[in-house]
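Here is how the chains run, residue by residue.
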Amino acid sequence: MNGPQLLEEHIGRLVTRMGAIFPGERAVFRGQDLFTSLGDLDWLELYAFSITGRRYTPQQMRVLHVIWTHTSYPDARLWNNRVAALAGTARSTGSLGIAAALAVSEAQIYGGVPQLRCCEFLTRAKIMVDEGADLEALVHTELKEKRGIGGYGRPIVPTDERIAPTMAIVREQGLENGPHLKLAFEVERILLEGRWRMHMNIVGLDAAICADFGMSPREFNYFFIPVFLAGMPPCYLDAAEKPEGLLFPLPCRVMLYEGVSHRPWRSKTPNI
Amino acid sequence: METIHTRIWQEEAEPDNSFAAATCHCHGYDVYGDLLVHASWIEYLFLLFRGEAPSTQQARLLEGLAIALANPGPRDAAVHAAMCGGVGGSTSASCLMAALAVGAGASGGAREMRLAMEDWLACGTDLALWQTGLAANPVADPADVWPAPGHPAGFDPHGVRCATPVRQTLAYLAGLGYGTAQDCAPSLAWLQANRASLESAAGLPLAMHGVAAAALRDLGFSPAQGEMLHLLLRLPGAAVHALEQKDYGHKNFPFFRIELENDPGPANTSHAGDAA
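Residues numbered from 1 in each chain as written. Chains lettered and ligands numbered in written order. Predicted model: local features only at pLDDT ≥ 70, side-chain atom pairs only at ≥ 80, totals over all residues. Heavy atoms only, no water.

K.L.:
Can you tell me about the overall build of chain B, naming the residues and giving the values?
P.N.:
From N to C terminus, chain B includes 12 helices and three strands. C-alpha atoms of chain B, sized along the principal axes, occupy 75 × 60 × 40 Å. For chain B, the share of sequence-separated contacts (at least 6 apart) that also reach a separation of at least 24 residues comes to 64%. Surface exposure of chain B reaches about 14,500 Å², of which carbon and sulfur atoms provide 54%. Computing the positive centroid from 14 side-chain charges and the negative centroid from 28, chain B places the two 9 Å apart. (Helix = DSSP H or I, 4+ residues; strand = E, 2+ residues; numbered from the N terminus. Contact = heavy atoms within 4.5 Å. Areas by Shrake-Rupley, 256 points an atom, 1.4 Å probe, with all protein chains shown as cover. Lys, Arg positive; Asp, Glu negative; His and termini not counted. Charge placed at Lys NZ, Arg CZ, Asp CG, Glu CD.)

K.L.:
Could you give an account of the overall build of chain A, naming the residues involved and the relevant values?
P.N.:
From N to C terminus, chain A includes 12 helices and three strands. A buried classification covers 44% of the 272 residues belonging to chain A. Contacts spanning at least 24 positions in sequence make up 66% of the contacts within chain A whose residues lie at least 6 apart. (Buried < 20%, exposed > 50% of the residue type's maximum accessible area, 1.4 Å probe, protein only.)

K.L.:
Can you lay out a nonpolar patch on the surface for me, pointing to particular residues and giving the numbers?
P.N.:
A contiguous nonpolar patch, built from Leu7 and Ile11 of chain A together with Met1 and Phe19 of chain B and spanning about 440 Å² of accessible area, is present on the exposed surface. Looking at the secondary structure, you find isoleucine 11 of chain A in the loop between helix H1 (3-9) and strand S1 (19-22). Residue class for isoleucine 11 of chain A comes out partly exposed when judged on its relative accessible area of 35%. (Patch = residues over 30% accessible without salt bridge, like charges linked within 9 Å, V, L, I, M, F, W, Y side chains within 5 Å. Salt bridge = Lys/Arg side-chain N within 4 Å of Asp/Glu carboxyl O.)

K.L.:
Outline the domain arrangement of chain A, listing residues and values.
P.N.:
Residue and element names in this part refer to chain A. Its domain assignment divides chain A into domain 1 (17-55), domain 2 (69-105 + 228-246) and domain 3 (112-223). Using only C-alpha atoms to locate each centre, domain 1 and domain 3 end up separated by 31 Å. The junction of domain 1 with domain 3 conceals about 490 Å² of combined surface from both sides, 63% of it contributed by carbon and sulfur atoms. Summed over the three residues of domain 1 that lose the most area to domain 3, namely Tyr47, Ile51 and Arg54, the buried surface amounts to 67% of that side. Across the contact surface, domain 1 and domain 3 share one salt bridge. Among the ionic pairs, glutamate 219 bridges to arginine 54, the shortest N-O distance being 2.8 Å. Put simply, domain 1 and domain 3 have three residue pairs in polar contact (both at pLDDT 80 or more) between them. Considering only residue class, the side of domain 1 that touches domain 3 consists of four nonpolar, one polar and one charged. (Domains from an automatic or database assignment. Buried area = accessible area lost by both parts, 1.4 Å probe. Polar contact = N/O pair within 3.5 Å; in protein donor to acceptor, adjacent residues only side chain to side chain. Nonpolar A, V, L, I, M, F, W, Y, C, P; charged D, E, K, R; others polar.)

K.L.:
So, the side chain of glutamate 227 of chain B: which residues are in play, and what are the values?
P.N.:
Residue and element names in this part refer to chain B. Note on placement: glutamate 227 falls in helix H11 (residues 223-233). Overall, the relative accessible area of 13% leaves glutamate 227 in the buried class. For glutamate 227, the side chain forms a polar contact with the side chain of arginine 114, separated by 2.6 Å. For glutamate 227, the residues in contact, after removing those within four places along its chain, are Ala110, Arg111, Met113, Arg114 and Trp146.

K.L.:
Could you give an account of the packing of aromatic side chains, with specific residues and numbers?
P.N.:
With the rule as written, the count across this model stands at 16 aromatic pairs over all chains. On the numbers, 4.1 Å between centres and 10° between planes, the contact of phenylalanine 248 of chain A with phenylalanine 256 of chain B is stacked. Of this pair, phenylalanine 248 of chain A sits in the segment after helix H12 (232-241) while phenylalanine 256 of chain B sits in the segment after helix H12 (235-248), which puts the two residues in different chains. An aromatic cluster of at least three residues, connected via ring pairs, comprises Trp43, Tyr47, Trp68, Phe220, Phe223 and Phe224 of chain A. The cationic tip of arginine 26 of chain A hangs over the ring face of phenylalanine 22 of chain A; the distance from NZ or CZ to the ring centre is 4.0 Å. (Phe/Tyr/Trp six-rings, centres within 6.5 Å; stacked < 30°, edge-to-face > 60°. Lys NZ or Arg CZ within 6 Å of the ring centre and 35° of its normal.)

K.L.:
Go over helix H9 (residues 179-193) of chain A with me, naming the residues and quoting the values.
P.N.:
All names here are of chain A. A rise of 1.5 Å per residue sets the reference length of H9, with its 15 residues, at 21 Å; its end C-alpha atoms lie 21 Å apart and thus fit the reference within 8%. For H9, the full list of buried residues reads His180, Leu181, Leu183, Ala184, Val187, Glu188, Ile190 and Leu191. Of the surrounding elements, those touching the buried residues of H9 are helix H6 (112-130), helix H7 (135-146), helix H8 (163-172) and helix H10 (202-212). (Expected span 1.5 Å × (residues − 1).)

K.L.:
Pulling in residues and values, what's your account of the interface of chain A and chain B?
P.N.:
Taken together, the contact pairs 41 residues of chain A with 49 residues of chain B. Regarding the contact of chain A and chain B, the summed buried area is about 3,900 Å², with carbon and sulfur atoms giving 68% of it. If you look at where chain A meets chain B, you find zero salt bridges. Joining chain A to chain B, the criterion identifies 16 residue pairs in polar contact (both at pLDDT 80 or more). When residues of the side of chain A that touches chain B are traced back to their parent elements, those giving at least two are H1, helix H4 (79-89) and helix H5 (94-104) of chain A. Ranked by the residues each element gives to the side of chain A that touches chain B, the list is headed by H4 of chain A, at six residues. Residue composition of the side of chain A that touches chain B, grouped by class: 26 nonpolar, seven polar and eight charged.

K.L.:
Provide a residue-level description of helix H4 (residues 77-87) of chain B, including the pertinent values.
P.N.:
Across the 11 residues that make up H4 of chain B, a large majority, 10, are buried. All of the buried residues along H4 of chain B are Ala78, Val79, His80, Ala81, Ala82, Met83, Cys84, Gly85, Gly86 and Val87 of chain B. Looking at the buried side of H4 of chain B, the elements it contacts are H4 and H5 of chain A together with helix H5 (92-102) and H12 of chain B. Where H4 of chain B begins, the capping side chain belongs to aspartate 76 of chain B, and its oxygen is found 2.9 Å from the backbone nitrogen of alanine 78 of chain B.

K.L.:
Any chance you could break down the sheet that holds strand S1 (residues 9-14) of chain B for me, citing the residues and the numbers?
P.N.:
Residue and element names in this part refer to chain B. Strand order in the open sheet formed by three strands is S1-S2-S3, with antiparallel pairing between adjacent strands. A single partner strand is all that each edge strand has here, and the edge strands are S1 and strand S3 (29-30). In terms of strand pairing, strand S2 (residues 17-26) meets S3 through two bridges, oriented antiparallel. Directly across from cysteine 26, in S3, lies its bridge partner tyrosine 29. (Pairing = 2+ DSSP bridges.)

K.L.:
So what's going on with the pairing of S2 of chain B? Which residues, and what values?
P.N.:
Residue and element names in this part refer to chain B. Two elements, S1 and S2, share six bridges in a ladder whose sense is antiparallel. Residue pairing across strands places tryptophan 9 opposite cysteine 26, the latter belonging to S2. Hairpin connection of S2 to S3: two residues between the antiparallel strands, including histidine 27 at a positive phi of 50°.

K.L.:
Please provide a residue-by-residue account of the nonpolar core, values included.
P.N.:
One finds Leu64, Val83, Leu122, Val139, Tyr152, Val187 and Phe223 of chain A to be the most contacted residues of the largest nonpolar core, which totals 79 residues. Of the residues forming this core, the biggest block, eight residues, is contributed by H10 of chain A. For valine 187 of chain A, the contacting residues outside a window of four places in its chain are Phe121, Leu122, Leu135, Val139 and Tyr152 of chain A. Ala59, Ala66, Phe155 and Leu206 of chain B belong to the second-largest nonpolar core, a separate cluster that totals 46 residues. (Core = buried A, V, L, I, M, F, W, Y, C linked by side-chain atoms within 4.5 Å.)

K.L.:
Give me the lowdown on the packing of helix H3 (residues 56-70) of chain B against helix H8 (residues 164-176) of chain B, citing residues and values where you can.
P.N.:
Residues and elements named next belong to chain B. For the pair H3 and H8, interaxial distance at closest approach is 9 Å and the crossing angle is 170°. Here H3 is positioned roughly antiparallel relative to H8, judged by the angle of their axes. Touching Gln57, Arg60, Leu61, Gly64, Leu65 and Ala68 of H3 are Thr169, Tyr172, Leu173 and Leu176, all from H8. Taken together, the residues that form the contact of H3 with H8 break down as six nonpolar, three polar and one charged. (Axes fitted to C-alpha atoms, helices over the stretch in contact; angles between N-to-C directions. Parallel < 35°, antiparallel > 145°, perpendicular 65-115°, else oblique.)

See the structure below:
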């Protein structure tokens, strides 16, 4: 069945296994009672469960928490954070500023897109290497076809200060021997020895860790959607607490015009 | 069956598919059989909001306002936010979401437009009422999600004198009402005549919001409609500047300098915080 008949079947109702509220009574979350079966979960455990439907060990949760805490920078210069800060200086609401900043975090050169691409590459490479493929050849092919590998290299500086403290926690929890993690460092070695000189960034490390925890690339992508969140309210608040319009004010002289010379408009269409 | 109530939009289904509309009427007009051929975009926009077709003068007024608002330029906070999305290769929708979120605010945004229009509702063309209202400081409501306005709506908080584009826009839009059988811009004309007195009462020069609020009042829009239109009409500039910065790339985009007042230093980063 397809077309309008399929749509007719779904008019006015939702068939789902994800959950529902029974007002005044209880709430069901992926087939479990939110207040009893899931009542002992902290928020991040619930968020991870909401995406994957799976529970994680205390050691894994410790690492997942660290991934989040190490990825929230309250620096209003960063492009996504700057949106939240600009909302503050323009006297918009915190919800609008932070929601838009999260949406902007789904970017090509940082955030959402490299996260997904990196995890997809590491997952695919792991399967192919297990089947006998040569990792160096896979890296070369990926670079040739996509002009880069998400999770390696960085737009502002070449190295990533988050790698060492995150790995310290990974080792502390005894999770440093995961196959995707080993493969991710091997990819970095290949990239550093070649002409690309690219270090792994935190996306590469986090993607490998989450792949070792059983997350698919999509699950990893969704898990990461709010990963910059904790850095955003400080940016909004700082701007909102200062006088309006003071965040990065731009005088006319900052604009370097590179367009055509002045010319008069000659209407080619009649007025209304 | 549960239903959606609307006075704006009417559809009749194709005979073989109840999910495809054969005809769509907007406030009684056939959209694809009549408006598509005979109406301009700005006339259709007016119709959507007001429910009636605009007069020629009203369409010209809205058209002029739409041009004046379409691009506040890359220095504007909302456009700046959209460019922050563009430069990082964020999704197009997120660039516009950023422009909407920042451009929603009470300082240079749609909230200011709404507040300015509410002032018009309260004061009309009574100069004494305006002077009293402008002399009063905005009162912050601690239970409101909106931060307290830092200045009287419609005036430039950092201005020295009324900027040239604001004066040009006011003169043009107010002029559209003159010499017509039905004066369609009485608020704009009054604003132009009383600008100096209002600026004196506010202690600030008139801003584009002040002009736009008068224009939207003359067009019969409510403050809520004016807020929506302000969000909509400023999106074109945000869109093109976001696209342009994506082309220029992040190496050509300002990153600015930061001066951290409570930096614990590299040797003492583990336990330092705001208390340091």
